[in-house]
Structure formats: structure tokens, C-alpha cells
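The residues making up each chain are set out below.
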Amino acid sequence: MARPSHMVVDLAALIENYKWACQLAPQSNTMAVVKANAYGHGAVACAKALQPFAPAFGVACIEEAIQLREAGIYKPILLLEGTFSADEVSIAAEHEFWLMVEDPVQVEAIVKAKVSTPLKVWLKIDSGMHRLGLNPTRVRGFYEQLLASKNVSPDMVFATHFASADETENPFTMVQVARFAATTKHFKQPVSLANSAAIMAWPQAHGDWNRAGFMLYGNSPLDAEHASNTGLKPVMQLRSAIISLRHIDTGATVGYAQQWCAPRPSVIATVAIGYGDGYPRSAASGTPVVVKGQRASIVGRVSMDMITIDVTNLTGVEVGDQVCLWGKGLSINEVAHHAGTIGYELMTRVTQRLPIQYTQ
């Protein structure tokens, strides 16, 4: 009898979300970002499902890209942070990876490399995020240096990244769009600005290439309700089951440090999931879960392997009943709010301890 905690990944929903991203920006090519193990969903399985539809994939590093190539992913793969050492340039050329270039060290490594196949380069411009990217005043010089190199394909892409696109009322996104446009207007090259939030809420940022990440997995990155949310379907469902039930008296405490005290006679269910599985330890009492279509709440601290929930008001609850921690009927963003974090973190922190069941 296996431990009941597991994850279900709906690949059909993943494909529908990708198509929705394309529908929101029909004039753009939409890259599928599968970095960080496809945001915790399994990079190989997700890339294989999306390969018939997506023209390219995005990952964070060369190790992630090689994993996809070895699994049979033949579409272009962009290293979103570029190379971390000079030797990675030749490896990228061998596997026909695309390279983001964001600083002079990366430019020099490409120009000096010994490669037989010219590299497809994305030139990243810092339009205000101040994390990665070339200073706009230095873009022309580096562009001309790369263009003159036999190691670089002339069809470069100019790219940037937004700091606040998830904030639908924040004007800084349009400030970045304007800065980027002022920097690139004299070059006749394709451009890429939009991440998931910009695909959904900032059509002015749609470029030749968009980069869909978080939205592919069925959750909105936006800070408010938006019409574009309607086309998203949750891909990940985190599930477990009740392994114990107990009745406690008024005043009894539950869990480590006795942080929750029963205000009435209560029925407490123990569920086999915890921070060892990636469920957030910061999830406070009151964080919702769903049992047999009914909402219940966490009480007490999250343990390494278990949580406790108050099922006093629920009907027909038994040991063995399935519990949904997030997914259909319970947004990961709602759980993240109770845990003081964001859905991105919850997705990517789910551990390999949990088996994944893929559905089509």
C-alpha cells in the first residue's frame, strides 16, 4: 500500500493553456518556457506534450536543455540566462541551442569560441528590471560585434524582461516598453518582450516572440481578475488522503508548539502531506483544502510529512478520503496567499518524493 500523496498533471490542460496564450497574441510566436522542471510539472513530459504545437522552448541553463535533447526534444531551446562559462558555448552550438546574451563576458565567449555552426543569439536589454541585460547605451556596440562574428547567425532577437507586468495598474510596464522601443527602433530585428503576465494583460508588449511560462500551467500571474484569466485550466493537482481521524474536546491543542486550540469539540483529520513533499510550512491555520468537494481548513503547524485539518463541519468524512491541496476547485494562488508566498514558488518547490501521474 503506497503513501497516498501524489501529484496529477493534466497534459491536455497544458496544451489548452498553450493554445490560449497563442490566441491572446495571434501575431506572435509563442515560446513554451519549461525551466525549473516545467515549474515542477516534469520538463520532459511537458515538452513532449507541447512539441507538436510550440516552435521553441525556454529553459534556465544548459543542463536543463541537454535533458530535453536527450529525451528527444528537437525543437529550438533557448537558454534564458545564456551561458555560465565559456566552454558552454561550443556545447550549445553542438546541440543547436539558442543563447540569451546579457553581458560583455558572454559576448566575448561567443566571439572567441570555436564552433562549426553559427549560434542563434538573443540580445537582452535592461529596460528597467536591473537584474540582467545590457545597458541600452551599449547595445549597438555589442550588436555590431556579434553581427561581425562568423560564430553568430545574423537573425538575432532583441529581448527584455518586465519587472511589474503582473501589476495590471502599474504604469512601469509601459515605461519599459517605451525604453525598449527607443533602443531597438534603428535595428531591423525580431523582438521579444512579453512574459505570461504581459501576454495576458499588456497587448502593447506583444512582439515577434512571446515567452509563456507560468500561465501554461493554468494559473494567472496577474494581481487582479482579468478577462484573460478565463482561458486557463489548472494543470497540477496536489492530492493526498486522510490517514487518521480523532475527536478532541474544547481547549485541546493540535500539532507542534500547540499553536491551535479547539474552540469547541472538534473532529481533526490527519493528511499525509507536509513540507517534505513541498507543501509550504508557512501555510497558516485557515489555509483551505478540499475533501469530497467540501472545503476544510488547516489547523496547527505543517509537519514534515503531515498536516491536520478541521473537518468538524464536513459530512461523511472517513479515513482514506482523498484531499485536494490545490488544483481544480482550489487555486494554487489562493493557497499561496495563505502561505505568504506566490503560486510560482509552490509549484516549483514540490519535491521528487511525490510520484507524478500524467493524464492526457
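Residues numbered from 1 in each chain as written. Predicted model: local features only at pLDDT ≥ 70, side-chain atom pairs only at ≥ 80, totals over all residues. Heavy atoms only, no water.

1. Remarks on the packing of aromatic side chains
Alright, step 1. As enumerated under the stated definition, the model contains 10 aromatic pairs in all.
Alright, step 2. Aromatic pair tyrosine 143 and phenylalanine 158: ring centres 5.4 Å apart, planes at 40 degrees, arrangement tilted. Here tyrosine 143, found in helix H7 (residues 139–147), pairs with phenylalanine 158, found in strand S7 (residues 157–159); they are 15 residues apart in sequence, far enough to count as distant.
Alright, step 3. Taking the relative accessible area as the measure of exposure, tyrosine 143 reaches 10% and is therefore buried.
Alright, step 4. By way of ring pairs, the aromatic residues Tyr39, Phe214, Tyr217 and Tyr344 are connected into one cluster.
Alright, step 5. Stacked on the ring of tryptophan 98, the Lys or Arg lysine 120 has its end atom at 5.2 Å from the ring centre. (Phe/Tyr/Trp six-rings, centres within 6.5 Å; stacked < 30°, edge-to-face > 60°. Helix = DSSP H or I, 4+ residues; strand = E, 2+ residues; numbered from the N terminus. Buried < 20%, exposed > 50% of the residue type's maximum accessible area, 1.4 Å probe, protein only. Lys NZ or Arg CZ within 6 Å of the ring centre and 35° of its normal.)

2. Overview of the layout of surface pockets
Alright, step 1. Considering only enclosed or pocket space, the largest pocket measures out at about 1,200 Å³ in volume.
Alright, step 2. In this structure, the largest pocket is lined by 47 residues; those nearest its centre are Asp166, Ser196, Phe214, Pro221 and Tyr344.
Alright, step 3. For the lining of the largest pocket, the secondary-structure elements that each account for two or more residues are helix H2 (35–39), helix H9 (196–201), strand S9 (209–212), helix H10 (332–338) and helix H11 (343–349).
Alright, step 4. No other element matches the 4 residues that H11 contributes to the lining of the largest pocket.
Alright, step 5. Here the lining of the largest pocket is composed, by residue class, of 22 nonpolar, 16 polar and 9 charged.
Alright, step 6. Quantified by volume, the second largest pocket comes out at close to 190 Å³.
Alright, step 7. Considering only residue class, the lining of the second largest pocket consists of 5 nonpolar, 5 polar and 2 charged. (1 Å grid on protein atoms, 1.4 Å probe; cavity = no way out; pocket = protein on both sides within 12 Å on 5 of 7 lines; lining within 4 Å. Points joined across faces, edges and corners; volume = space filled by probe spheres on them. Nonpolar A, V, L, I, M, F, W, Y, C, P; charged D, E, K, R; others polar.)

3. With respect to the side chain of histidine 161
Alright, step 1. For histidine 161, the location among the structural elements is in the loop between S7 and helix H8 (172–184).
Alright, step 2. Polar contacts involving the side chain of histidine 161 include one to the side chain of arginine 211, which spans 3.3 Å.
Alright, step 3. Not counting the four nearest positions on each side in its chain, histidine 161 is found in contact with Lys124, Ser127, Met129, Arg131, Gln176, Asn195 and Arg211. (Polar contact = N/O pair within 3.5 Å; in protein donor to acceptor, adjacent residues only side chain to side chain. Contact = heavy atoms within 4.5 Å.)

4. Observations regarding empty space enclosed by the protein
Alright, step 1. Per the stated rule, a full pass over the model turns up 1 cavity of 30 Å³ or more.
Alright, step 2. Of the voids in this model, the largest cavity is the one considered here, and its volume is about 40 Å³.
Alright, step 3. What lines the largest cavity is Lys124, Ile125, Asp126, Ser127, Met129, Arg131, Leu132, Thr160 and His161.
Alright, step 4. Looking at the lining of the largest cavity residue by residue, the classes come out as 3 nonpolar, 3 polar and 3 charged.

5. Side note on the pattern of salt bridges
Alright, step 1. The tally for this structure, following the rule as stated, stands at 11 salt bridges.
Alright, step 2. With a shortest N-O distance of 3.5 Å, arginine 140 and glutamate 144 are connected by a salt bridge. Highlighted residues: arginine 140 and glutamate 144, both in helix H7, separated by 4 residues, approximately one helical turn.
Alright, step 3. Residue glutamate 144 is classed as partly exposed on the basis of its relative accessible area of 42%.
Alright, step 4. With a closest N to O distance of 3.4 Å, arginine 349 and glutamate 345 form a salt bridge. Here arginine 349 pairs with glutamate 345, and both are found in helix H11, just 4 residues apart, close to one helical turn.
Alright, step 5. One connected set of salt bridges, linked through shared partners, spans Arg3, Asp277, Asp305 and Arg353. (Salt bridge = Lys/Arg side-chain N within 4 Å of Asp/Glu carboxyl O.)

6. A word on the state of the cysteines
Any covalent bond linking the sulfur atoms of two cysteines counts as a disulfide.
Alright, step 1. Tallied over the full model, the rule gives 0 disulfides.
Alright, step 2. The closest cysteine sulfur to the non-disulfide-bonded cysteine 22 is located on cysteine 46, 16 Å from its own sulfur.
Alright, step 3. When its relative accessible area of 26% is taken as the criterion, cysteine 22 is described as partly exposed.
Alright, step 4. Here cysteine 61 is not disulfide-linked; the sulfur of cysteine 46 is the nearest cysteine sulfur, at 16 Å. (Disulfide = S-S within 2.5 Å.)

7. Description of the nonpolar core
Alright, step 1. Of all hydrophobic cores here, the largest spans 117 residues; its most connected members are Tyr279, Ile307 and Ile309.
Alright, step 2. A total of 7 residues in this core trace back to one element, the largest contributor, which is helix H1 (residues 11–24).
Alright, step 3. Apart from the residues within four sequence positions on either side, isoleucine 307 is in contact with Ala269, Thr270, Val271, Ile273, Tyr279, Val289, Ile298, Val302 and Leu325.
Alright, step 4. Ile248, Val254, Trp260 and Ala262 belong to the second-largest nonpolar core, a separate cluster that totals 6 residues. (Core = buried A, V, L, I, M, F, W, Y, C linked by side-chain atoms within 4.5 Å.)

8. Remarks on the pairing of strand S14 (residues 288–291)
Alright, step 1. Residue alternation in S14 divides its side chains into two sets, Pro288 and Val290 and Val289 and Val291, and both sets are buried.
Alright, step 2. For S14 and strand S15 (residues 294–298), the ladder comprises 4 bridges, and the chain directions are antiparallel. If you follow valine 290 over to S15, its bridge partner there is arginine 295.
Alright, step 3. Counting the residues between successive antiparallel strands, the hairpin from S14 to S15 contains 2 residues, one of them, lysine 292, with a positive phi of roughly 50 degrees.
Alright, step 4. With 2 bridges joining them, S14 and strand S17 (residues 322–326) adopt antiparallel strand pairing. In the sheet register, valine 291 faces S17, and the bridge partner there is valine 323. (Pairing = 2+ DSSP bridges.)

9. Looking at unusual backbone geometry
Alright, step 1. Although it is not a glycine, alanine 36 sits at a positive phi angle of roughly 50 degrees.
Alright, step 2. Note that alanine 36 resides in helix H2.
Alright, step 3. A relative accessible area of 33% means that alanine 36 is categorised as partly exposed.
Alright, step 4. Not every positive phi belongs to a glycine, and asparagine 37 is a case in point at roughly 55 degrees.
Alright, step 5. Within the fold, asparagine 37 resides in helix H2.
Alright, step 6. Residue asparagine 37 is classed as partly exposed on the basis of its relative accessible area of 33%.

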